[in-house]
Amino acid sequence: MKLLSIAIGAILVNNFILSQFLGICPFMGVSKKMDTAVGMGVAVTFVMGVASAVTYAVNLLLIRLGLDYMQTVAYILVIAALVQFIEMFLQKVVPALYSALGIYLPLITTNCAVLGVALQNTQNGYTFIQSVVYGVTGGLGFTLAIILFASVRERLAANSDCPKCFEGFPLALISAGLIALAFMGFQGLRIG
Amino acid sequence: MNIVFAILVLGVMGGVFGLALAVASKVFYVEKDERLEPITEALPGANCGGCGFSGCAAYAQAIIDGTGKIGMCAVGGRAVNDEIAAIMGVESVEMERKVALVKCRGFHATKKGCYDGLMDCEAAAKLAGGGPNNCPYGCLGFGNCVKACPTGAISLKDGVAQVDHEKCVGCMACKNACPRGIIEEVPYKQDIVVACSSKEKGGALRKYCDIGCIGCKLCEKTCEHDAIHVFDNLARIDYSKCISCSACAAKCPRHLIADCNLWNEFNVVEAQAR
């Protein structure tokens, strides 16, 4: 039940992009086309899941050494190294997945949603399983948001009936804000 | 003391990760063909997709894998293909310059009514009834190809897309953008073209378009080089046989077959004739 409430919370109620405003850069950057949005979403989900697991272990180490105030710095270090490692690993072992994720994998190093999920796992005192669930579902929430946004942007791009001053990013930012407003509707959702 | 300890621990962590990555880069080393980089650099890097691959890097990889042929890069043209052939150590292939042609001159066609939807070909083509034009094959004229063209070679003239063959690099991005599928690749030196895609029978077509091909086969009978044939009620030119003698153009009762270089003048002449 706790896991379910974590999952629903991460996907809908506290969506990483639309209510916590983490990971906005890729959300705006690669949401022009549906297929790139899907690629980015899958890559983020993957990395957030793995990063949750690894940072959980790192946190245990930090607490033992009495250095838990260094979490942020240590997590940045771990995530950067981890993404590099995953990239090399996939290129050798799963070339198909590597070429499918393409350039999105290295881009994720700088995605603050990944750091966010690691820090929140610690702040919320999640266990290992809960951390991984929060990471993966957080990534799914990211995927949901970016896919919704990409479909809106594709539709907007097809319609040339837009004032010149709003074309491109202004319109994208406004629509992102409107989607975020819509997601505010999930705030009342309570499970368990 | 605390600070020193923290620096030490994080320093060690960083060192360990660095070492792990260094080891991993050896363990997971993937051998790359040394020709890949020069080929990728030789290609224009426009990632237009005209070669049939997703981008220049994918095409370079395909050349090395042997799945892609040399001479597919229309943007780079002869020079680039020679360079790639030199890198691969094979004979360069002669390549013919190809350009895009919009096979419709539908400003002679009628509309079903006033269209007030999205100004987008894709959206209009998906409408029930097949869009705002009476002709189910004709150019919709919302300019998806214009937006797709990387070189600005396509413009809308009287609501129909027209390609400037001088600016066209033959990447065929427009072909992929056209929901009607009426953009065709033709040799640059080909002058005489049939700018219609309608497979409609003559009688039905006459009702909504006063230039479209009615499949009367006069051109087929006129041609001495066996280069133009009618099937599915549409005349099609075999570009490998056509010598652009314009005998068919003279006979065509619809004045549809014409020298595409003269289109602009042709419009004027025709407008005066009316």
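All values derive from a computational prediction rather than experimental measurement.

Here's the deal with the interface of chain B and chain A
Here is step 1: Each partner contributes residues to the interface: chain B has 20 residues there, and chain A has 22 residues.
Here is step 2: Summing both partners gives a buried area of about 1,800 Å² for chain B against chain A, and 81% of it is carried by carbon and sulfur.
Here is step 3: Interface area lost by chain B to chain A is led by Leu-10, Phe-28 and Leu-118 of chain B, which between them contribute 32%.
Here is step 4: One can count 0 salt bridges joining chain B with chain A.
Here is step 5: There are 1 residue pair in polar contact (both at pLDDT 80 or more) connecting chain B and chain A.
Here is step 6: Element by element, the count of residues in the side of chain B that touches chain A is highest for helix α1 (residues 2–27) of chain B, at 12 residues.
Here is step 7: Looking at the side of chain B that touches chain A, its residues break down into 14 nonpolar, 3 polar and 3 charged.

Things to note about the pairing of strand β2 (residues 154–157) of chain B
All names here are of chain B.
Here is step 1: The pairing of β2 with strand β3 (residues 160–163) spans 4 bridges and is antiparallel. Residue Leu-156 lies in a different strand from β3, and its bridge partner there is Ala-161.
Here is step 2: Following β2, the chain reverses through 2 residues before pairing antiparallel with β3; Asp-158 in that reversal takes a positive phi of roughly 50 degrees.

Concerning unusual backbone geometry
All names here are of chain B.
Here is step 1: Non-glycine residue Asp-232 carries a positive phi angle of around 55 degrees.
Here is step 2: If you trace the backbone, Asp-232 turns up in the loop between β6 (228–231) and β7 (234–237).
Here is step 3: Residue class for Asp-232 comes out partly exposed when judged on its relative accessible area of 49%.
Here is step 4: Notably, His-255 is not glycine yet its phi reads approximately 55 degrees, a positive angle.
Here is step 5: Among the secondary structure elements, His-255 is positioned in the loop between α10 (247–251) and β8 (257–259).
Here is step 6: Residue classification places His-255 among the partly exposed positions, given a relative accessible area of 45%.

Considering the environment of Arg-153 of chain A
Residue and element names in this part refer to chain A.
Here is step 1: In this fold, Arg-153 is placed in helix α8 (residues 128–158).
Here is step 2: Residues Arg-153 and Ala-172, spaced 19 residues apart in sequence, show a C-alpha to C-alpha distance of 6.9 Å.
Here is step 3: Not counting residues up to four positions away in its chain, the partners in contact with Arg-153 are Met-28, Ser-31, Lys-32 and Ala-172.
Here is step 4: Within the structure, Arg-153 has its side chain in polar contact with the side chain of Ser-31 (distance 3.0 Å).

Details of the packing of helix α7 (residues 112–123) of chain A against α8 of chain A
All names here are of chain A.
Here is step 1: Look at α7 against α8: their axes get within 10 Å of each other, and the N-to-C directions meet at 150 degrees. Where α7 crosses over α8, the handedness of that crossing is right-handed. Packed against α7, whose contacting residues are Val-117, Gln-120 and Asn-121, the element α8 presents Ser-131, Tyr-134 and Gly-135 at the interface.
Here is step 2: Per-class residue counts for the contact of α7 with α8 are 2 nonpolar, 4 polar and no charged.

Topic: the side chain of Thr-137 of chain A
Residues and elements named next belong to chain A.
Here is step 1: In this fold, Thr-137 is placed in helix α8.
Here is step 2: Residue Thr-137 is classed as buried on the basis of its relative accessible area of 9%.
Here is step 3: Looking at Thr-137, its side chain comes within polar contact range of the main-chain oxygen of Val-133, at 2.5 Å.
Here is step 4: Among residues more than four places away in sequence, those in contact with Thr-137 are Ile-6, Ala-7, Ala-10 and Ile-11.

So, the packing of aromatic side chains
Here is step 1: Taken as a whole, this structure holds 9 aromatic pairs over all chains when the rule is applied.
Here is step 2: Aromatic side chains Phe-89 of chain A and Phe-28 of chain B sit 5.4 Å apart centroid to centroid with 85 degrees between the ring planes, which places their arrangement in the edge-to-face category. One end of the pair, Phe-89 of chain A, is in helix α4 (residues 71–93); the other, Phe-28 of chain B, is in the loop between α1 and α2 (36–42), on a second chain.
Here is step 3: With a centroid separation of 5.3 Å and an interplanar angle of 65 degrees, the aromatic rings of Phe-183 of chain A and Phe-186 of chain A are classed as edge-to-face.
Here is step 4: Looking at Phe-183 of chain A, the relative accessible area reads 7%, which means it is buried.
Here is step 5: An aromatic cluster is built from Phe-16, Tyr-126 and Tyr-134 of chain A, whose rings are joined through pairwise contacts.
Here is step 6: Looking at Arg-153 of chain A, its charged tip hangs above the ring of Phe-169 of chain A, at a distance of 5.5 Å from the centre.

Notes on the packing of α8 of chain A against helix α9 (residues 169–183) of chain A
Residues and elements named next belong to chain A.
Here is step 1: α9 packs onto α8 with a crossing angle of 135 degrees between their chain directions and a minimal axis gap of 10 Å. Classified by the interaxial angle, the pair formed by α8 and α9 is oblique. Along this stretch, α8 crosses α9, giving a crossing that reads as right-handed. Listed contacts from α9 to Leu-144, Leu-148, Phe-149, Val-152, Arg-153 and Leu-156 of α8 are Leu-171, Ala-172, Ser-175, Ala-176, Ile-179 and Phe-183.

A word on the side chain of Thr-45 of chain A
All names here are of chain A.
Here is step 1: Assignment of secondary structure puts Thr-45 in helix α3 (residues 34–64).
Here is step 2: At 2.7 Å, the side chain of Thr-45 and the backbone oxygen of Gly-41 are in polar contact.
Here is step 3: There is a polar contact of 3.0 Å between the side chain of Thr-45 and the side chain of Thr-143.
Here is step 4: Excluding residues that lie within four positions of it along the chain, Thr-45 makes contacts with Val-136, Gly-139, Leu-140 and Thr-143.

A closer look at the layout of surface pockets
Here is step 1: Of the voids in this model, the largest pocket is the one considered here, and its volume is about 1,000 Å³.
Here is step 2: Among the secondary structure elements, those contributing two or more residues to the lining of the largest pocket are α8 and α9 of chain A together with α5 (121–125), α6 (144–148) and α7 (173–177) of chain B.
Here is step 3: Take the lining of the largest pocket: its biggest share by element is 7 residues, from α8 of chain A.
Here is step 4: Each pocket or cavity is described by its volume, and for the second largest pocket that value is around 830 Å³.
Here is step 5: If you go around the second largest pocket, you meet 22 residues; those closest to its centre are Tyr-98 and Ser-99 of chain A together with Ala-57, Ala-58 and Gln-61 of chain B.
Here is step 6: Listed by contribution, the elements that provide at least two residues to the lining of the second largest pocket are α4 and α5 (95–101) of chain A together with α2 and α3 (56–65) of chain B.

Each value, and the rule that gives it
- Residues numbered from 1 in each chain as written.
- Chains lettered and ligands numbered in written order.
- Predicted model: local features only at pLDDT ≥ 70, side-chain atom pairs only at ≥ 80, totals over all residues.
- Heavy atoms only, no water.
- Contact = heavy atoms within 4.5 Å.
- Buried area = accessible area lost by both parts, 1.4 Å probe.
- Salt bridge = Lys/Arg side-chain N within 4 Å of Asp/Glu carboxyl O.
- Polar contact = N/O pair within 3.5 Å; in protein donor to acceptor, adjacent residues only side chain to side chain.
- Helix = DSSP H or I, 4+ residues; strand = E, 2+ residues; numbered from the N terminus.
- Nonpolar A, V, L, I, M, F, W, Y, C, P; charged D, E, K, R; others polar.
- Pairing = 2+ DSSP bridges.
- Buried < 20%, exposed > 50% of the residue type's maximum accessible area, 1.4 Å probe, protein only.
- Axes fitted to C-alpha atoms, helices over the stretch in contact; angles between N-to-C directions.
- Left-handed = near helix turned anticlockwise from the far one by under 90°.
- Phe/Tyr/Trp six-rings, centres within 6.5 Å; stacked < 30°, edge-to-face > 60°.
- Lys NZ or Arg CZ within 6 Å of the ring centre and 35° of its normal.
- Parallel < 35°, antiparallel > 145°, perpendicular 65-115°, else oblique.
- 1 Å grid on protein atoms, 1.4 Å probe; cavity = no way out; pocket = protein on both sides within 12 Å on 5 of 7 lines; lining within 4 Å.
- Points joined across faces, edges and corners; volume = space filled by probe spheres on them.

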